[in-house]
Amino acid sequence: MDINSASTVVLQTLTQAASQDTTILKPAEEQLKRWETQPGFYSALLNIFNNHALDINVRWLAVLYFKNGIDRYWRRIAPHALSEEEKSSLRAGLIANFNEPVNQIATQIGVLIAKVARLDCPRHWPELIPTLLESVKAQDDLHQHRALLTFYHVTKTLSSKKLVADKKLFQDLATGIHSFACSLWNHHTDTFLQQICTGDTGAIHSLERTLLSLKVLRKLTVHGFMEPHKNLEVMEFLNAVFERLKQFLECRRQVNQENTCSEKLEKTIILFTKVLLDFLDYHPFSFISLIQRSLEFAVSYVFTGAGEGVVFERFIVQCMNLIKMIVKNDAYKPAKNTEESKPETMEAHKIKIYFFSYSTLTEICRRLVSHYFLLTPEELSMWEEDPEGFAVEEAAGDSYKYSLRPCTEVLFLDIFHEYSQTLTPVLLEMVQNLHGPTNVDNTVGLVVKDAVYNAIGLAAYELFDSVDFDQWFNSQLLAELQVTHIRYKLIRRRVIWLIGQWISVKFKSELRPMLYEAILNLMQDQDRVVRIETATTLKLAVDDFEFRTEQFVPFLENIFSLLFHLLQEVTECDTKMHVLHVISCVIERVGMQIRPYVGSLVQYLPLLWKQSEDHNMLRCAILTTLVHLVQGLGADSKNLYPFLLPVIQLSTDVSQSPHVYLLEDGLELWLVTLENSPSITTELLGIFQNMSALLELGSENVRTCFQIINAYIFLSSSEFLQNFAAALCQSFCELMQDITTEGQVQVLKVVENVLKVNPILGPQIFQPLLPSVLKGILDGEKYPVVMSTYLGIAGRVLLQNTGFFSSLLNQIALELNQEMEQLLGNIIEMWVDRMDNITQPERRKLSALALLSLLPSENSCMVMSHFEEQKVSEDEEPPTEQDRRKKLLALKDPVHSVSLQQFAYEKLKAQQELLGEQGFQSLMESVDTEVIRQLQGFLQKL
């Protein structure tokens, strides 16, 4: 591509590609795609995005196409790779001028240069770093900023490389430029602080340079040194961070929130804390000298009056994370035998002990609970205006790293766990001060009690030996749940939450009925948040190890009805999901006893499914509910098929986009539907059309797919195989070529099951697979599980379809150019040799029966004389329809219907008659004496 004429043509095409008209846009995109591998294309793009007179959208597109081309064609080994000459020219052009006027394009160019640097710096681009270092000193503001922006992106990218050689290169770079980066940062920081004090309008630009230079220093400091504590300049910088932080926080106090610097000022303050957090994370031992100062700084601003009017939420979160990381850091925790601990660990431990004195810990604990745990006016307002949003947000919580309330609770837990002996009396005293119901007019008292109860719930496991929760439940908590005043909803909601936290920790089984009675009352509470929280505690109660169905059944009908009404009442997708999960849990735990009460739910779910068309996660919750519903209904679930089967069809169809979210739950529903189906239907068979694509997908759900195939075989092998045998065999043949050992076993088990239920048709269906089974036996398959399955399949064919086994032997003998008798002898020899691979008693007996069947005659250890309905204890799952099908099949299976002793005796007797006494005696003399001894002992039991 001639660069002189190319730029004009490419510019014209990029202009068309920026069009909103698809008839113009699509052909232009296709043309650009064809040019991606043409020499000179990227030089043309460089000319276009460096021409500031052109349309911004066109220049933006040019940068994006260039950036994408780096990923595809810059490496020397890539197909259609750029020539070294063009790359050299492009590298020079990229750093010729740092004068891009548009911020967004400048950022993309910086990222683009960093991508090239990742591949070429320093070996093929040694001039990049010196050019950047020189350019950041430029007097021109724009030139200086763009160079610094690029410097940051290059540093960030080079610091992320993981290979040892690349890390060494970055460490060499960091050693060489850290001092310069520090001086640059100090210069821009001092300039900003001077300008902000004098009201200079240029302060915002200096702050931007301060932020960028600090970003560079963060990457150099954290990733550029193996033992940073040994580098004086690095440690001086880290200590300077604390002073600068104080300066910037004080600056924020003085800057009006409407000031243009305000937002960027907060970003810079947060970046300071990120420097400390990253350094602690990557270099805990190097951080030891900073522990005392970090704790003093963070605790001062977050837990004393020093932070008033200065701190803001994100900064508080960062400070709390800093305290938490120091408290929890394993590098600072001595071994049980302190003599085995590193000296650095002991030093850090002593600093922590000195800092976390009784008074400091007490103050932190009290302030966490009485200040940070308090529901804010904004939260209380949200409770009133958006109860569902409040309930779900409280239950889920954002990531503790970025949201204040979850972060506060995590810090409380970590400190309480580490210093429980000191803090337990403090917390218990706070509870004692709140004994008895609180006056409903005392809003502050209600909010404080909510906070203290929150702390008791969070620390439940730590307080196990210190709180008699059963007594507290009886004497106070139960009474508080019965206070119905509207303002007392804070406490009702918190108490039922608190009980949920203690259920699995310390809650007597005999108190459960009282709890269920309380839950029943609260599920009728006038406040929706209370009802949603109650549903959550109900889930924890029924999902607990101590749950007893008989205690819950008297409340089941009413509670389930109220849950259903709550499900209908709530409107938010997340809340409906939450309530559905509770319903699912209840159905799962009570099993068949749910049957009389699910009519309304069954009628409602199709409507909810239709309404949730755009909410795939809600549909996942519906699928989970249906799984438990089918299990509870058993054979009666057939009445749900008009709704159930289309749901399974959609969820497991990989050509439908929702399958990405629904597949796993959809497959589970498909499986339990088959297992509980009393008989096959045309519609149930029709869903199997989805299976071929699912097997091709080969995802982590393939095991469930095989379970589904087996379920069809047990449900109705003849109809199923008549419709899908050919497709199934083809899928299996393709799978066996590229599948794990475990996958092979799953395939072979399906084949084995088909042979079991249909011994005549089965071998014909899987004829293409069977030769590889016998060859696998001959070759002495090395994986015991695979060999065991091979022998199981061979045993089935030999015992139940001798004619087919003979034809199969003949086929392989011809292929291998061997005599049939010799081939059979080799198989038997390997079979006997690998009998120990067979661990399942059924398969061992099957092999014995199969090998004995080679002798002339007929045959019984695992004998079933009749089918008995299994008696199920209360704690056991009732048998599914599939369990019954398997029992009936076992009655017809030779493994269970034929006596091995009798069969062996008759076969040996027939052999004796065939050879005569002398010939038989001669044959028996060739058998190992130990085998003879065991055989005699076995037959004497007749």
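Small disclaimer: the values here were computed from a predicted structure and weren't measured. In this convention, every chain numbers its residues from 1, walking through the sequence in written order. Local features in this predicted model are restricted to residues of pLDDT 70 or higher, and side-chain atom pairs are both shown and tallied only at a pLDDT of 80 or more, whereas totals for entire chains, interfaces and linings draw on every residue. For the side-chain quantities, the full set of heavy atoms in the structure was used; hydrogens and water were omitted.

Draft legend 1. A look at the overall build of the protein chain. Comment: elements are numbered from the N terminus, with helices defined as DSSP H or I runs of at least four residues and strands as E runs of at least two. Of regular secondary structure, the protein chain possesses 45 helices and zero strands. With the C-alpha coordinates aligned to their principal axes, the bounding extent of the protein chain is approximately 120 × 85 × 70 Å. For the protein chain, with 942 residues in total, the buried portion stands at 53%. For the protein chain, the accessible area works out to roughly 43,900 Å², and carbon and sulfur atoms hold 50% of it. Neither His nor the chain termini are counted; the positive set is Lys and Arg, and the negative set is Asp and Glu. Lysine's charge is taken at NZ, arginine's at CZ, aspartate's at CG and glutamate's at CD. Taking the average location of the 84 positive side-chain charges in the protein chain and that of its 115 negative ones, the two points are 3 Å from each other. Burial status follows relative accessibility: with a 1.4 Å probe on protein chains alone, a residue under 20% of its type maximum counts as buried, one over 50% as exposed, and anything between as partly exposed. All accessible areas in this document rest on Shrake-Rupley with a 1.4 Å probe, and a residue is counted as covered only by the protein chains that are shown.

Draft legend 2. Summary view of empty space enclosed by the protein. Grid points spaced at 1 Å over the protein atoms alone were grouped into cavities, where a 1.4 Å probe fits but cannot get out, and pockets, open sets with protein on both sides within 12 Å along at least five of seven lines, with lining residues defined by an atom within 4 Å of a point. Grid points are joined across faces, edges and corners, and a volume is the space filled by probe spheres set on the points. Considering only enclosed or pocket space, the second largest cavity measures out at about 30 Å³ in volume. Along its surface, the second largest cavity is lined by L770, V773, L774, I793, A794, V797, F805 and L808. Secondary-structure elements contributing two or more residues to the lining of the second largest cavity are α37 (770–778), α38 (784–800) and α39 (802–816). A per-class count over the lining of the second largest cavity returns eight nonpolar, no polar and no charged. Residue polarity is assigned by list, with Asp, Glu, Lys and Arg as charged and Ala, Val, Leu, Ile, Met, Phe, Trp, Tyr, Cys and Pro as nonpolar; anything else, Gly included, falls into the polar class.

Draft legend 3. Up close: the packing of aromatic side chains. Classification of ring pairs rests on two measures: the distance between centres of Phe, Tyr or Trp rings, Trp counted by its six-membered ring, which must be within 6.5 Å, and the angle between planes, read as stacked under 30 degrees, edge-to-face over 60 and tilted in between. Scanning all chains against the criterion turns up 37 aromatic pairs. Seen from their ring centres, F192 and F248 are 5.5 Å apart, and the 25 degrees between their planes marks the pair as stacked. Placement of the pair is F192 in helix α9 (residues 164–198) and F248 in helix α11 (residues 232–254), with a sequence separation of 56 residues. Among the residues examined, F248 registers a relative accessible area of 0% and is labelled buried. Consider the rings of F688 and F720, whose centres lie 4.8 Å apart with planes at 90 degrees: the pair is edge-to-face. With F688 in the loop between α32 (682–686) and α33 (691–697) and F720 in helix α34 (residues 702–737), this residue pair connects regions lying 32 residues apart in the sequence.

Draft legend 4. Main features of unusual backbone geometry. Put simply, C121 and P122 share a cis peptide bond, and its omega is 5 degrees. Among the structural elements, P122 can be located in the loop between α6 (103–120) and α7 (128–135). Of note, H80 is a non-glycine position whose phi angle comes to about 60 degrees, a positive value. Counting through the fold element by element, H80 comes out in the loop between α4 (56–73) and α5 (84–94). Positive phi, normally seen in glycine, also occurs at N817, with a value near 55 degrees. Structurally, N817 is set in the loop between α39 and α40 (820–833).

Draft legend 5. Structural view of the environment of I559. Note on placement: I559 falls in helix α26 (residues 549–569). As for I559 and V586, which are separated by 27 residues in sequence, their C-alpha atoms are 9.8 Å apart.

Draft legend 6. Highlighting the side chain of T157. Here T157 lies in helix α8 (residues 141–159). Throughout, a contact is declared for two residues whenever any of their heavy atoms are within 4.5 Å. Look past the residues within four positions of T157 in its chain and what remains in contact with it is A114 and R118.

Draft legend 7. Layout of helix α16 (residues 358–372). Helix span, as expected, comes to 1.5 Å for every residue beyond the first. A rise of 1.5 Å per residue sets the reference length of α16, with its 15 residues, at 21 Å; its end C-alpha atoms lie 20 Å apart and thus fit the reference within 8%. Listed as buried for α16 are T360, L361, T362, I364, C365, L368, V369 and Y372. Structurally, α16 contributes buried residues whose contacts are with α13 (288–303), α14 (313–328), α15 (343–355), α19 (404–418), α20 (420–432) and α21 (443–458).

Draft legend 8. Region of interest: a negative patch on the surface. A cluster of acidic residues, E385, D386, E393, E572 and D574, forms a negative patch on the protein surface. Here D574 shows up in helix α27 (residues 573–590). Residue classification places D574 among the partly exposed positions, given a relative accessible area of 46%. Patch construction takes residues with relative accessible area above 30% that form no salt bridge. Like charges are linked within 9 Å, and nonpolar side chains (Val, Leu, Ile, Met, Phe, Trp, Tyr) are linked within 5 Å. Whenever a carboxyl oxygen of Asp or Glu lies within 4 Å of a side-chain nitrogen of Lys or Arg, that contact is scored as a salt bridge.

Draft legend 9. Structural view of the nonpolar core. Remark: nonpolar core denotes a set of buried residues (Ala, Val, Leu, Ile, Met, Phe, Trp, Tyr, Cys) joined through side-chain atoms within 4.5 Å. Residues F66, F412, W670, I709, Y712 and F732 are the most contacted members of the largest nonpolar core, which totals 309 residues. For this core, the element with the most residues is α34, which contributes 17 residues.

Draft legend 10. Summary view of the pattern of salt bridges. Inspection of the entire model under this criterion finds 36 salt bridges. A salt bridge links E36 to R72, with the shortest nitrogen-to-oxygen separation between them at 2.8 Å. One end of the pair, E36, is in the loop between α2 (22–35) and α3 (41–49); the other, R72, is in helix α4, with 36 residues separating them in the sequence. The exposure class assigned to E36 is buried, which follows from its relative accessible area of 6%. Relative accessible area serves as the criterion here: at 39%, R72 is assigned to the partly exposed category. Where E569 meets R528, a salt bridge forms, and the shortest distance between an N and an O atom there is 3.2 Å. Placement of the pair is E569 in helix α26 and R528 in helix α25 (residues 528–542), with a sequence separation of 41 residues. Residue classification places R528 among the partly exposed positions, given a relative accessible area of 23%. One continuous salt-bridge network, built from bridges that share partners, spans E388, R528, R531 and E569.

Draft legend 11. Structural view of a positive patch on the surface. A grouping of R75, R118, K162 and K167 is seen on the molecular surface, where their side chains present a positively charged patch. With respect to the secondary-structure elements, R75 resides in the loop between α4 and α5.

Draft legend 12. Here's a closer look at a nonpolar patch on the surface. On the surface, M617, V660 and Y661 cluster together to form a nonpolar patch covering roughly 340 Å² of accessible area. The topology assignment puts V660 in helix α31 (residues 659–675).

Draft legend 13. Broad picture of the packing of α13 against α14. Axes here refer to lines fitted to C-alpha atoms; in helices the fit is confined to the stretch in contact. Angles between the N-to-C directions go from 0 to 180 degrees. As a packed pair, α13 and α14 sit with axes 9 Å apart at the nearest point and diverge in direction by 140 degrees. By the angle between their directions, the pair α13 and α14 is classed as oblique. Crossing geometry of α13 relative to α14 is assigned as left-handed. Contact with α13, carried on its side by I291, S294, L295, F297, A298, V299, Y301, V302 and F303, involves F315, I316, C319, M320, L322, I323 and I326 of α14 and no other residues of that element. When the residues that make up the contact of α13 with α14 are grouped by side-chain class, the tally is 15 nonpolar, one polar and no charged. Here the angle decides the label: under 35 degrees means roughly parallel, over 145 means roughly antiparallel, 65 to 115 means roughly perpendicular, and every other value means oblique. If you view the pair so one helix is near and one far, a crossing is left-handed when the near helix is turned anticlockwise from the far one by less than a right angle, and right-handed when it is turned clockwise.

Draft legend 14. Looking closely at the state of the cysteines. Disulfides are defined as pairs of cysteine sulfur atoms found within 2.5 Å of each other. Within the structure shown, the criterion is met by zero disulfides. There is no disulfide at C733, and the cysteine sulfur nearest it, in C729, is 4.2 Å away. With a relative accessible area of 23%, C733 lands in the partly exposed category.

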